[in-house]
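Coordinates in review
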2 protein chains.
Amino acid sequence: MTDAVDPPKARRPNTRLEEVARAAGVSKSTVSRVINGEPYVSSRAREAVHQAIGKLGYSPNQAARTLAGSRANCIALVVSEQGARVLADPFFAGVLRGVHAELAGKRVQLVLMMSKEGDEQDLVNYLCGGHVDGVLVISLHGQDPLPRTLADAGLPTVVGGRPLGAGGVPYVDSDNFNGAMEAARYLVSRGRKRIATIAGPRDMAVGMDRLSGWKRGLSQARLDTDLVAYGDFTPESGAAAMADLLKRAPDLDAVFVGADIMALGALQTLHAHGKKVPDDVAVVGFDDLMIASTAVPPLTTIRQDVEQLGRTMTWRLMAELAGEENLPPFLLLPTAMVTRSSA
Amino acid sequence: MTDAVDPPKARRPNTRLEEVARAAGVSKSTVSRVINGEPYVSSRAREAVHQAIGKLGYSPNQAARTLAGSRANCIALVVSEQGARVLADPFFAGVLRGVHAELAGKRVQLVLMMSKEGDEQDLVNYLCGGHVDGVLVISLHGQDPLPRTLADAGLPTVVGGRPLGAGGVPYVDSDNFNGAMEAARYLVSRGRKRIATIAGPRDMAVGMDRLSGWKRGLSQARLDTDLVAYGDFTPESGAAAMADLLKRAPDLDAVFVGADIMALGALQTLHAHGKKVPDDVAVVGFDDLMIASTAVPPLTTIRQDVEQLGRTMTWRLMAELAGEENLPPFLLLPTAMVTRSSA
DNA sequence: CCAAAACCTGGGAGCGCTCCCAGAACGTTC
DNA sequence: GAACGTTCTGGGAGCGCTCCCAGGTTTTGG
């Protein structure tokens, strides 16, 4: 004795491909072909399907596509949380904007993941679990093995910022070396003789590359490269490093700070020590954050295009996913000097 | 005449639930129950499954879960791109961090979407297409109908920042009104008499709420509330607004700027006009960005906890998804005055 | 001591799509 | 006009999971 018709199963939230097929008077297969832009579909059928899709407001179910097909139509952006904090917000937001801009129009979703302490294995499991087609990694600290692990697992991976411990994994970075060298040369050209630097942390390539560039710029001019202090990409660390430098060399007349955010702190310290910028001490930063132009005095700096970095990483990854061959193993984006009044 | 066995179908990237079941000596159903933390599983079976999962490095296929089950285990964070630019990076990055922190441990993915001009329909289709369980929306401008549309479609939605055109959609916001009022009262208590304000854009609630709070604070002290200028959350607009105010009231002795980022510009203008801060003109900002403390002079400001905003939005959404009843329709987060030297 | 309730377990039908295969409707060529 | 492409089309078998159902095993209670 069965009851009458059963309404409980009334869960039909969305249009399905089959309904589109019926509305267009074709088969599921044909609709699928149209959606995926495959050839071998008559223009008549194609037209009918497009009409039906429009009328029904159909949006294909990603989960089903992923399950049935082989790709997830989805890439991950992985940020080491610690790194996100250290490298400061604007960097991250800029990259994100670039990634998104490059993804526009492509039917690819972006999922965001932050690696947490102790969570690494879960992260790797998830990423390698076929849930994403590729991975973008940024804010690497030290010898983080993540990119290597992912690449070894056969997952297309692109790193933002030269990774220290992941030889062979493709990366995109700003040309920190040449940017820093340009800054150093500029200071030399303005007649500065005793030029210091505040570098980023020793376990990040971005810090080391800018330091190397500064060294090269100075040594080409036969100047000493002994005035090096280190910070961690915070204003406070910049202030402390500046104080240290001033103590070691009260006669310094210029400083290249490897990040605008630290330059802000350095500027405060100089001010507190009664040093006029740029008359007594010239200051050049790096990054060209929005705040560089509103610093007092407005900061001369090396601009890096962070949004472009995000775009380029994404382009590189998508190209690899599209099966392109002979892609460059790494890409360096040019920097540009922005002259304001601090140097 | 068929060929011998066919190896072409050799795509077996990951462990499947069934293999775990076999390894643990139980059925698929039981493994599924363990994974989903359901009751009615013997501890012996549970143990065996956990062991098998650990040994095989199994990670469930999200696509399949989504397809078979009813939820996507995934929420979207939608940012209006224009808004992201205007409200400036730190806001966005902070919210994101909060969202992520709150999601930690929950098996929920975050997909990021930026609404682009003309893309709205696609966005709505996608979001309502069952690909996500809920939506977080931030950076709303004007009367954006998006939250209303989503909510009407039955999709759980939480807005960050009071939405102007979406009555009834739950939201979380900093208590801009009271924060601004506190700023105004503080200036009054310091003996300032001619107090101006630089407000945010008229089509954003955050701008209007801070303006209202400032007005209330002044009118309670029976002071004039006529010195209002508007900016758009950029340093340049802050500088221009300050210049305008100075022209209209050369005797003004205090200004409440509705965003630190604009305060930076205002500070520049005041400096250029030879006004000493805080002696001639006291300045109070809003937000307490990292740069507030490195401004010259360091900025007195109203702190809002942006990360907490992200956390709270996420908590509210997850609570709704968990079926909790009688949730508050909106939540206001307290602000705090941070006294530095600009006022 | 036996019925009812509370626990556990496995089987199997889909979820909505893609992709393979077989075949129809056309030419085109010898 | 038979034999062959080439273009188009539909049918249907899964993808890996969840969830319902049916049944088995224990515990409880009168």
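Residues numbered from 1 in each chain as written. Chains lettered and ligands numbered in written order. Predicted model: local features only at pLDDT ≥ 70, side-chain atom pairs only at ≥ 80, totals over all residues. Heavy atoms only, no water.

**Examining the protein's contact with DNA strand D**
Near DNA strand D there are 25 residues, and of these A:Ser27, A:Arg33, A:Ser42, B:Leu17 and B:Tyr58 occur at the shortest range. Restricting attention to atoms of DNA strand D within 4 Å of the protein, one finds that 63% of them are sugar or phosphate atoms. Within the contact set of DNA strand D, a base oxygen lies 2.8 Å away from a side-chain nitrogen or oxygen of A:Ser29. In the environment of DNA strand D, a base oxygen lies 3.3 Å from a nitrogen or oxygen atom belonging to the backbone of A:Ala68. Counting only elements with at least two residues in the surface near DNA strand D, the list comes to helix 2 (28-35) and helix 4 (62-68) of chain A together with helix 2 (28-35) and helix 4 (62-68) of chain B. Of the residues that constitute the surface near DNA strand D, the class distribution is 11 nonpolar, 9 polar and 5 charged. (Near = heavy atom within 4 Å. Polar contact = N/O pair within 3.5 Å; in protein donor to acceptor, adjacent residues only side chain to side chain. Helix = DSSP H or I, 4+ residues; strand = E, 2+ residues; numbered from the N terminus. Nonpolar A, V, L, I, M, F, W, Y, C, P; charged D, E, K, R; others polar.)

**With respect to the domain arrangement of chain A**
According to the domain assignment, chain A contains domain 1 (17-60), domain 2 (74-174 + 307-333) and domain 3 (176-304). Domain 1 of chain A and domain 3 of chain A are separated by 60 Å when their C-alpha centres are compared. (Domains from an automatic or database assignment.)

**Some thoughts on empty space enclosed by the protein**
Applying the stated criterion to the full structure yields 5 cavities of 30 Å³ or more. Of the pockets and cavities examined, the largest cavity occupies roughly 390 Å³. Lining the largest cavity are 25 residues, with A:Gln62, A:Cys74, B:Gln62, B:Thr66 and B:Cys74 sitting closest to its centre. A class-by-class count of the residues in the lining of the largest cavity yields 11 nonpolar, 14 polar and no charged. (1 Å grid on protein atoms, 1.4 Å probe; cavity = no way out; pocket = protein on both sides within 12 Å on 5 of 7 lines; lining within 4 Å. Points joined across faces, edges and corners; volume = space filled by probe spheres on them.)

**A look at the confidence of the model for chain A**
The pLDDT averaged across chain A works out to 89; a share of 94% of its residues lies at or above 70. Low pLDDT, under 50, characterises residues 1-12 of chain A; the stretch is placed with 1 contact to residues that sit more than four places away or in other chains. (pLDDT = per-residue confidence, 0-100. Contact = heavy atoms within 4.5 Å.)

**Concerning the packing of helix 1 (residues 17-24) of chain A against helix 2 of chain A**
All names here are of chain A. Two elements in contact, helix 1 and helix 2, have axes whose closest approach is 8 Å; the angle formed by their N-to-C orientations is 105°. On the basis of the axis angle, helix 1 is roughly perpendicular to helix 2. The residues of helix 2 that touch helix 1, namely those facing Leu17, Glu18, Val20 and Ala21, are Lys28, Val31, Ser32 and Ile35. (Axes fitted to C-alpha atoms, helices over the stretch in contact; angles between N-to-C directions. Parallel < 35°, antiparallel > 145°, perpendicular 65-115°, else oblique.)

**Quick look at the protein's contact with DNA strand C**
Taken together, 25 residues sit near DNA strand C, with A:Leu17, A:Tyr58, B:Ser29, B:Arg33 and B:Ser42 positioned nearest. Near the protein, meaning within 4 Å, the atoms of DNA strand C are sugar or phosphate in a fraction of 63%, with bases accounting for the rest. Contacts to DNA strand C include A:Tyr58, whose side-chain N or O atom sits 2.4 Å from a phosphate oxygen. Broken down by secondary-structure element, the contributors of at least two residues to the surface near DNA strand C are helix 2 and helix 4 of chain A together with helix 2 and helix 4 of chain B. Looking at side-chain class alone, the surface near DNA strand C contains 11 nonpolar, 9 polar and 5 charged residues.

**A closer look at the interface of chain A and chain B**
Taken together, the contact between chain A and chain B spans 47 residues of the former and 46 residues of the latter. Surface buried jointly by chain A and chain B totals about 4300 Å² across both partners, of which 62% is contributed by carbon and sulfur atoms. Summed over the three residues of chain A that lose the most area to chain B, namely A:Arg97, A:His100 and A:Thr294, the buried surface amounts to 13% of that side. The interface formed by chain A and chain B holds 0 salt bridges in total. (Buried area = accessible area lost by both parts, 1.4 Å probe. Salt bridge = Lys/Arg side-chain N within 4 Å of Asp/Glu carboxyl O.)

**Things to note about the pairing of strand 3 (residues 134-138) of chain A**
All names here are of chain A. Of all 5 residues making up strand 3, 5 are buried, and the element is well covered by its neighbours. Burial of the side chains of strand 3 extends over both faces: Gly134, Leu136 and Ile138 are buried on one face and Val135 and Val137 on the other. Bridge count for strand 1 (residues 74-80) against strand 3 is 5 bridges, and the pairing is parallel. Of the residues in strand 3, the one forming a bridge with alanine 76 is valine 135. Here strand 3 runs beside strand 4 (residues 157-160); their pairing, made up of 4 bridges, is parallel. Residue pairing for strand 4: valine 137 is matched across the bridge by valine 159. Each parallel crossover has a hand, and for strand 3 linked through helix 8 (residues 146-152) to strand 4 it is right-handed. (Buried < 20%, exposed > 50% of the residue type's maximum accessible area, 1.4 Å probe, protein only. Pairing = 2+ DSSP bridges. Right-handed = clockwise from strand over helix to strand, strands pointing away.)

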